[in-house]
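Below are the chains, spelled out letter by letter.
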Amino acid sequence: MPIENLQQAAQQIASLLNSVIRHGGLRLKYRVSAAPAPEESEHAGAQVLNVELTGPDAPMLTQRGGELLRSLEHLAIQILRLDVREHDLVSFDALNFKALRQQEIQLAAETAAERVRQSGMPYSFPPTNSRERRMLHLAVKSIEDVESASVGEGQERYLVVYPKGKTHLPAPVPAMPTRSGYGSDRGDRGDRGRGDRPRRDSGYGRR
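Throughout, residues of each chain are indexed from 1 in the direction in which the sequence is written. A pLDDT threshold of at least 70 governs which residues receive local features in this predicted model, and a stricter bar of 80 or more applies before side-chain atom pairs are shown or counted, although totals over entire chains, interfaces and linings include all residues. Side-chain descriptors were evaluated using all non-hydrogen atoms of the structure, hydrogens and water having been removed beforehand.

**Q** Residue-level account of the nonpolar core, with values.
**A** To define a nonpolar core, start from buried Ala, Val, Leu, Ile, Met, Phe, Trp, Tyr and Cys residues and group those joined through side-chain atoms within 4.5 Å. Here the term buried applies to any residue with accessible area under 20% of the maximum for its type, exposed to any over 50%, and partly exposed to those in between, with areas from a 1.4 Å probe on protein chains only. Formed by 33 residues in total, the largest nonpolar core has its most connected members in Ile3, Ile13, Leu49, Leu53, Val90 and Phe92. Where helices and strands are cited, they refer to DSSP runs of H or I of at least four residues and of E of at least two residues respectively, numbered from the N terminus. Elements with a contribution of two residues or more to this core: α1 (6-24), β1 (29-36), β2 (47-54), α2 (58-79) and β3 (90-94). If one sorts the elements of this core by residue count, α1 sits on top with eight residues. By size, the runner-up hydrophobic cluster in this structure holds 15 residues, among which are Ile105, Ala112, Leu136 and Val161.

Next comes the structure, spelled out in structure tokens:
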């Protein structure tokens, strides 16, 4: 279900970021805005809260595969008490990290699909979070002669690319994930909406 009160949710995220920035002594600014979910998303028609972080310390957020950026996003999701199926309704980004990550995931999907077509055997990606598995699944869905499915449980859940119609084939054991994921430290960005939408801005550690 969509976030019921966008303005209140934006204020809760702002409070979280103000605390992190102040206590961490970080040189960061942020903007919280709302935009419609992508049409291909399962949340089509709902509003997504996008959080854009900028400032001298922004590169710190995208290091090690965006670990800090993802951690802040995870904290916000927990504070808003969103169901696991609603995690895509909040998106944190910095330095175009997610748009670049989307490009990498698309390339990874195309490379895996070509490998599967040539070998006739499934290919397993390293375990990753549900958002990136969904991005991989959508990327594979657009490629002919292959299909994908998730395998495993919890943090060990991963995506497998199969030859079309051959999901009965045994999936190979995936390689362990690296800090940078499929190749580098970047990822997907949603559109930034303007207009009559909740927005909060912050200076470096000030309200």
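**Q** Help me get a handle on the pairing of β3, residues and values and all.
**A** Counting buried positions along β3 yields five of five residues, so the element is predominantly enclosed. Here, the term right-handed applies to a crossover whose path from the first strand over the helix to the second runs clockwise when the strands point away from the viewer. A crossover connection joins β2 to the parallel β3 through α2; in handedness this β-α-β unit is right-handed.

**Q** Before we move on, could you go through unusual backbone geometry and cite the residues and values that matter?
**A** Phi angles above zero are rare outside glycine, and Arg81 is one such case at about 55 degrees. By the secondary structure assignment, Arg81 is in the loop between α2 and β3. Here Asn96, not a glycine, exhibits a phi torsion of approximately 60 degrees, which is positive. Along the chain, Asn96 falls in the loop between β3 and α3 (97-119).

**Q** Tell me about the pattern of salt bridges, and name the residues and values.
**A** Salt bridges are defined as contacts in which a side-chain nitrogen from Lys or Arg sits within 4 Å of a carboxyl oxygen from Asp or Glu. Tallied over the full model, the rule gives nine salt bridges. Across the pair Glu114 and Arg117 runs a salt bridge whose closest N-O atoms are separated by 2.9 Å. One end of the pair, Glu114, and the other, Arg117, are both in helix α3, three residues apart, so they sit about a helical turn from each other. According to the relative accessible area criterion, Glu114 is partly exposed, its value standing at 34%. Assessed through its relative accessible area of 36%, Arg117 is described here as partly exposed. A single network of salt bridges, built from pairs that share partners, joins Glu73, Asp88, Lys98, Arg131 and Arg134.

**Q** Account for the packing of α1 against α2, with residues named and values stated.
**A** The N-to-C vectors of α1 and α2 enclose an angle of 135 degrees; their axes lie 10 Å apart at closest approach. One element, α1, and the other, α2, form an angle in the oblique class. α2 is crossed by α1, and the crossing has right-handed handedness. Residue-level contacts link Gln12, Ile13, Leu16 and Val20 of α1 to Leu72, Leu75, Ala76 and Ile79 of α2. Classifying every residue of the contact of α1 with α2 gives seven nonpolar, one polar and no charged. Geometry is summarised by axes, namely lines fitted to C-alpha atoms with helices restricted to the contacting stretch, and by angles between N-to-C directions that run from 0 to 180 degrees. Angles are sorted into four bins: roughly parallel if under 35 degrees, roughly antiparallel if over 145, roughly perpendicular if 65 to 115, and oblique for all others. Note on convention: near helix rotated counterclockwise from far helix by under a right angle means a left-handed crossing. Clockwise means right-handed. For this analysis, residues touch if any pair of their heavy atoms sits within 4.5 Å. Polar here means any residue other than Ala, Val, Leu, Ile, Met, Phe, Trp, Tyr, Cys and Pro, which are nonpolar, and Asp, Glu, Lys and Arg, which are charged; Gly is therefore polar.

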